[in-house]
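Chain by chain, the residues run as shown.
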Amino acid sequence: MTGLSSPRRAGSSLDRMLALLDVFTTAAPAWSTEDLIRYSGASRSTLYRYLKALQAAGLLSPVAGGAWMLGPRIIELDRTMRLCDPVSAGGGPPMRRLAAETGFSALLCLLFSGAVMCVDDVPASGAPAGLFSRGQRRPLFAGAASKVILAHLPPHRLRTLFAKHRTTIAAAGLGADWDAFRTTLRLIREAGHCVTLGEFQPGVLGIAAPLFNVQGEVLGSLGIATDAGRVPPAARPALAEQVMEAAREACARLIEEQPHAARPARAVG
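Residues numbered from 1 in each chain as written. Predicted model: local features only at pLDDT ≥ 70, side-chain atom pairs only at ≥ 80, totals over all residues. Heavy atoms only, no water.

> I keep staring at the overall build of the protein and nothing clicks. Help me out?
When you go through the protein residue by residue, the secondary structure sums to nine helices and nine strands. In terms of C-alpha radius of gyration, the protein reaches 20 Å, essentially the compact-globule figure of 18 Å for 269 residues. Structurally, the protein occupies a C-alpha span of about 60 × 40 × 40 Å along its principal axes. Here the protein, with 269 residues, has 43% of them falling under the buried criterion. In the protein, of all internal contacts separated by at least 6 residues, the share reaching a separation of at least 24 is 56%. (Helix = DSSP H or I, 4+ residues; strand = E, 2+ residues; numbered from the N terminus. Rg over C-alpha atoms; globule rule 2.2 N^0.38 Å. Buried < 20%, exposed > 50% of the residue type's maximum accessible area, 1.4 Å probe, protein only. Contact = heavy atoms within 4.5 Å.)

Below, the structure written as structure tokens:
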């Protein structure tokens, strides 16, 4: 098992069917029909109906040994996202320019379902292994790319998050009470960027700045990641300014060229 919540808790039959896609990960890319029945809690006939529908849509494909893997339709959808997603289209060029100018890995992120997802990245030559990359999710309360988004969420969302995740927020050093949490996030907003060190990997420096839509709502973040030893503390403010300039350029491109980027940041849980 992957530690994911069982779709038996979901509401509609469609919810339960789509929740099956959540189990396919790099750690568990293939699942047998029997394992999917046990995971879902669905009857055999219902599970077969789900699999038939997902296969017809190209979202799942049968493989050897009676197992199932993600299907080719997802590759097609990924291509469409790369070409048409307004945040990727608007933020991609400044992100690539930032990577070229600094020589560090750069990444573009969005808020997604209570976490932060990397939607595009430029890995630098010789970068530390395991850096945040396209298609990965990370927690909302750790890492520069996440914290700078968190800091710009509306107050009512922050109150909800604090009420639900108070222990996690305190453990992340964001504040043990509401006033401390609010102060920490205010300082990030005032700085216009967030800097973190070693929050996911020892010795990795992250710097990120927020991305906004035309209505001023936070959409995501643009940032860099590198071995902290390559950036002495005295050089970090200038690097942060480069990151913020790239983010400002991305925001301008989003507003001018991608009107659909007026969507708000995705759901927070």
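> Looking at this model, I keep getting lost on empty space enclosed by the protein. Mind explaining?
Empty space among the atoms can be located by rolling a probe the size of a water molecule over them. Inspection of the entire model under this criterion finds one cavity of 30 Å³ or more. Approximately 260 Å³ is the volume found for the largest cavity. Lining the largest cavity are 22 residues, with Arg138, Ala144, Phe200, Gly206 and Ala225 sitting closest to its centre. Elements with a contribution of two residues or more to the lining of the largest cavity: helix H6 (144-150), strand E8 (204-212) and strand E9 (218-227). Tallying contributions element by element places E8 first for the lining of the largest cavity, with five residues. A per-class count over the lining of the largest cavity returns 13 nonpolar, seven polar and two charged. (1 Å grid on protein atoms, 1.4 Å probe; cavity = no way out; pocket = protein on both sides within 12 Å on 5 of 7 lines; lining within 4 Å. Points joined across faces, edges and corners; volume = space filled by probe spheres on them. Nonpolar A, V, L, I, M, F, W, Y, C, P; charged D, E, K, R; others polar.)

> Help me out: how do you make sense of the environment of Pro154 in this one?
Turning to its location among the elements, Pro154 is positioned in the loop between H6 and helix H7 (155-171). Owing to a relative accessible area of 30%, Pro154 belongs among the partly exposed residues under this scheme. Distance in space between the C-alpha atoms of Pro154 and Met95 is 26 Å, their sequence separation being 59 residues.

> Explain the packing of aromatic side chains to me, please; I cannot follow it from the model alone.
The geometry of an aromatic ring pair is captured by the separation of the ring centres together with the interplanar angle, meaning the angle of the planes. As enumerated under the stated definition, the model contains four aromatic pairs in all. Centre to centre, the rings of Trp31 and Tyr39 are 5.9 Å apart; their planes meet at 65 degrees, and the pair counts as edge-to-face. Under the relative-accessibility criterion, Trp31 is labelled buried at 6%. Given the relative accessible area of 5%, Tyr39 is considered buried. Put simply, the rings of Phe162, Trp178 and Phe181 pair up and form one aromatic cluster. A cation over a ring is seen here: Arg138 above Phe200, with NZ or CZ 4.1 Å from the ring centre. (Phe/Tyr/Trp six-rings, centres within 6.5 Å; stacked < 30°, edge-to-face > 60°. Lys NZ or Arg CZ within 6 Å of the ring centre and 35° of its normal.)

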